[in-house]
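Take a look at the letters that make up each chain.
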Amino acid sequence: MSADSPTARPAGAPGGTKHPPLTKKVVWSLVGVLLTAFLSALDQTVVSVAAYPIATGLDPDNGVQLMPWLITTYMLGSSVTQPLYGKIADLYGAKRIFVVATGIFLVASALCGASQTIGQLIAFRVVQGIGAGGLYSVALILLARAVPPRERAKFQGMAGLIIALATVTGPLIGGYLTGDHSFLGIDTSWRWIFYINLPIGIVGIAMVISLLDLEPVRRGSHRVDYPGALLIMAGSTLVLLTCNWGGDRYAWSDPLIIALGAGGLVLLLVFVWWESRAREPLMPLRVFRERTVAVASPMLFVVGFALMGAITYAALYLQLVRGYSSTATGLRLMPMILGILIASIGSGIVISNRNGRYKVFPVCGTLCAATGLVVLGQLSTDSSYGLLSAGLFLLGLGLGLLMQVLVLAVQNASPEADLGSATTTAGFSRTMGQSFGGAVFGAILANQFNDARAAGGDARLSAPGLKPEDLPGLPGPASSTGMGMFVDSLDVVFVSAGVVMLAAFVLSWFLKEMELREIDDLEAIASELDDPTLYEAVAEEDEADRPAPAVHGAPARE
């Protein structure tokens, strides 16, 4: 852009969002944001423990067959809506969209708790997932809008911690609430898994509404890319169903799985084609011209991929091989939470105090996480808890240095006009990685275990249809031998996840070191990407920043 261009600013002139001062009021409002976002991550894991008693209680005859839908529908609703939430947050304001998403989530939670049939519960779980899709993703956008980039790393670290905390404590909370307990004079049941969201969510959203003030949203002649939204939601749904059903309900060679996978890939390719032509795309492809975004997005996919090979199967080892309850398993996974806590908060403080430079943390984080996964790959049936806790702690340190730092890098490299879309694209990449990771590592575990059973020569272990959860019911020697085969198969999964994490380590070296901006400079990024549509956004901001006639009044704040 030439110096005399009508949209050019003098050198050093600020552009983009002017963040509110980081006062105690803002900090408390962000506590409300994180508290509410925690619920969306929690409800993805808390139901896993309670699914069986819920299904059999609502429908003793067919409940078990429908049970997987209690988890699948929520996952689908929360995953496929993330890109849409990012775009509408850019257009209508992140705070407003966050409040709407929270309202959907809380109403659906109340309806889930009041469900009288499993069909009703599955339907309400879809709606709950749609609300949850906006809670965590838009929470990250709110953090970006409310906190200056140099201070943002501290809060992003806390946001990453709540995902891991929900993953570990979800089964613990679910197991407690579905048991025969009394809490504050109330007899608990599975319905309280959903009812507990109401007081926590109401407190959290009340803090957001009353304490968080953001810059007013500048609305122009913008529109939502509904064709793009339909394409990515339909394509993602088919791909996620392929990953969840393949190798579990259906063989990977089943025509249904092949059709779902092929259809999903075709729709996603059409989505990419459409986004390259759309006037206001849902997921602007221009942001991927920035090397930081182009590298961080696949890194987040790989991190999500490897993450599913760690937490899920570490918990399975503790429950199936060591015989711990869900509550005890959650407590024994705490070393990973400790590692994430130390690394996420520590890296946020260091980034804020060292000129905002962050590249060293993804490099070290991927290597640390890979090491932790390899350590977990050394487990045996009689390994000490020290070996497990060391692997979990190293994995936690790695994840704490990775997940939110990468989101921070994406936000820092993206133009203000695309901040919401870029943030939810990063979250969507991680979510899709988790789905693919669960499918791939599940297939690896099943194949390794079946091959070991076939080669073992024990007729009781080689019986058709024998599953790992059947091993404790076998006679002593057969059970012990089978458990050894199963743990060896788990070790292959952990090591495979470590190898996958090394791919992220290689990618991390291609991240471009960028200082975090004190003010998001839209024009600087527009110049770097050489994108005419961003120059137009600069011109719109310049026009919007001119003093308006007094008769029009001030724009409403978010």
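Check the entry above for the structure.
Procedures and definitions
- Residues numbered from 1 in each chain as written.
- Predicted model: local features only at pLDDT ≥ 70, side-chain atom pairs only at ≥ 80, totals over all residues.
- Heavy atoms only, no water.
- Axes fitted to C-alpha atoms, helices over the stretch in contact; angles between N-to-C directions.
- Helix = DSSP H or I, 4+ residues; strand = E, 2+ residues; numbered from the N terminus.
- Parallel < 35°, antiparallel > 145°, perpendicular 65-115°, else oblique.
- Left-handed = near helix turned anticlockwise from the far one by under 90°.
- Nonpolar A, V, L, I, M, F, W, Y, C, P; charged D, E, K, R; others polar.
- Buried < 20%, exposed > 50% of the residue type's maximum accessible area, 1.4 Å probe, protein only.
- Patch = residues over 30% accessible without salt bridge, like charges linked within 9 Å, V, L, I, M, F, W, Y side chains within 5 Å.
- Areas by Shrake-Rupley, 256 points an atom, 1.4 Å probe, with all protein chains shown as cover.
- Salt bridge = Lys/Arg side-chain N within 4 Å of Asp/Glu carboxyl O.
- Polar contact = N/O pair within 3.5 Å; in protein donor to acceptor, adjacent residues only side chain to side chain.
- Contact = heavy atoms within 4.5 Å.

Visitor: Explain the packing of helix 11 (residues 226-245) against helix 12 (residues 255-275) residue by residue, including any values.
Guide: The N-to-C vectors of helix 11 and helix 12 enclose an angle of 150°; their axes lie 8 Å apart at closest approach. One element, helix 11, and the other, helix 12, form an angle in the roughly antiparallel class. You can see that helix 11 and helix 12 cross each other, and the crossing is left-handed. Looking at the contact of helix 11 with helix 12 residue by residue, the classes come out as 17 nonpolar, seven polar and one charged.

Visitor: Talk me through the environment of Gly-228; I want residue IDs and the actual numbers.
Guide: Summarising the element assignment, Gly-228 is placed in helix 11. A relative accessible area of 0% places Gly-228 in the buried class. Separated by 46 residues in the primary sequence, Gly-228 and Trp-274 have C-alpha atoms spaced 6.7 Å apart.

Visitor: I'd like to hear about a nonpolar patch on the surface, residue by residue, with values.
Guide: A contiguous nonpolar surface patch, about 260 Å² in accessible area, is contributed by Val-27, Trp-28 and Val-31. Among the secondary structure elements, Val-27 is positioned in helix 1 (residues 24-42).

Visitor: Can you tell me about the side chain of Asp-225, naming the residues and giving the values?
Guide: With respect to the element layout, Asp-225 can be found in the loop between helix 10 (197-211) and helix 11. Asp-225 gets classed as buried once you look at its relative accessible area, which sits at 5%. Polar contacts involving the side chain of Asp-225 include one to the side chain of Trp-274, which spans 2.8 Å. Ignoring any residue separated from it by four or fewer positions in sequence, one finds Asp-225 in contact with Trp-274, Glu-275, Ala-278, Glu-280, Pro-281 and Leu-282.

Visitor: Can you break down the packing of helix 17 (residues 360-376) against helix 20 (residues 476-508) residue by residue, with the values?
Guide: Remark: helix 17 packs on helix 20, axes separated minimally by 8 Å, with the N-to-C direction vectors making an angle of 170°. Judged by the inter-axis angle, helix 17 sits roughly antiparallel to helix 20. Note on element contacts: helix 20 touches helix 17 through Asp-491, Phe-494, Val-495, Ala-497, Gly-498, Met-501, Leu-502, Ala-504, Phe-505 and Ser-508, opposite Pro-362, Val-363, Thr-366, Leu-367, Ala-369, Ala-370, Leu-373 and Leu-376. Residues of the contact of helix 17 with helix 20, tallied by class, amount to 14 nonpolar, three polar and one charged.

Visitor: Mind laying out the pattern of salt bridges, listing which residues take part and the relevant values?
Guide: The tally for this structure, following the rule as stated, stands at two salt bridges. Across the salt bridge formed by Asp-43 and Arg-125, the nearest N and O atoms sit 3.7 Å from each other. In this pair, Asp-43 sits in the loop between helix 1 and helix 2 (46-58) while Arg-125 sits in helix 7 (residues 118-146), placing the two residues 82 residues apart along the sequence. When sorted by exposure, Asp-43 lands in the same class as Arg-125, which is buried. For Glu-290, the salt bridge is made with Lys-512, and the minimal N-O distance between the two is 3.4 Å. With Glu-290 in the loop between helix 12 and helix 13 (291-308) and Lys-512 in the loop between helix 20 and helix 21 (522-529), this residue pair connects regions lying 222 residues apart in the sequence.

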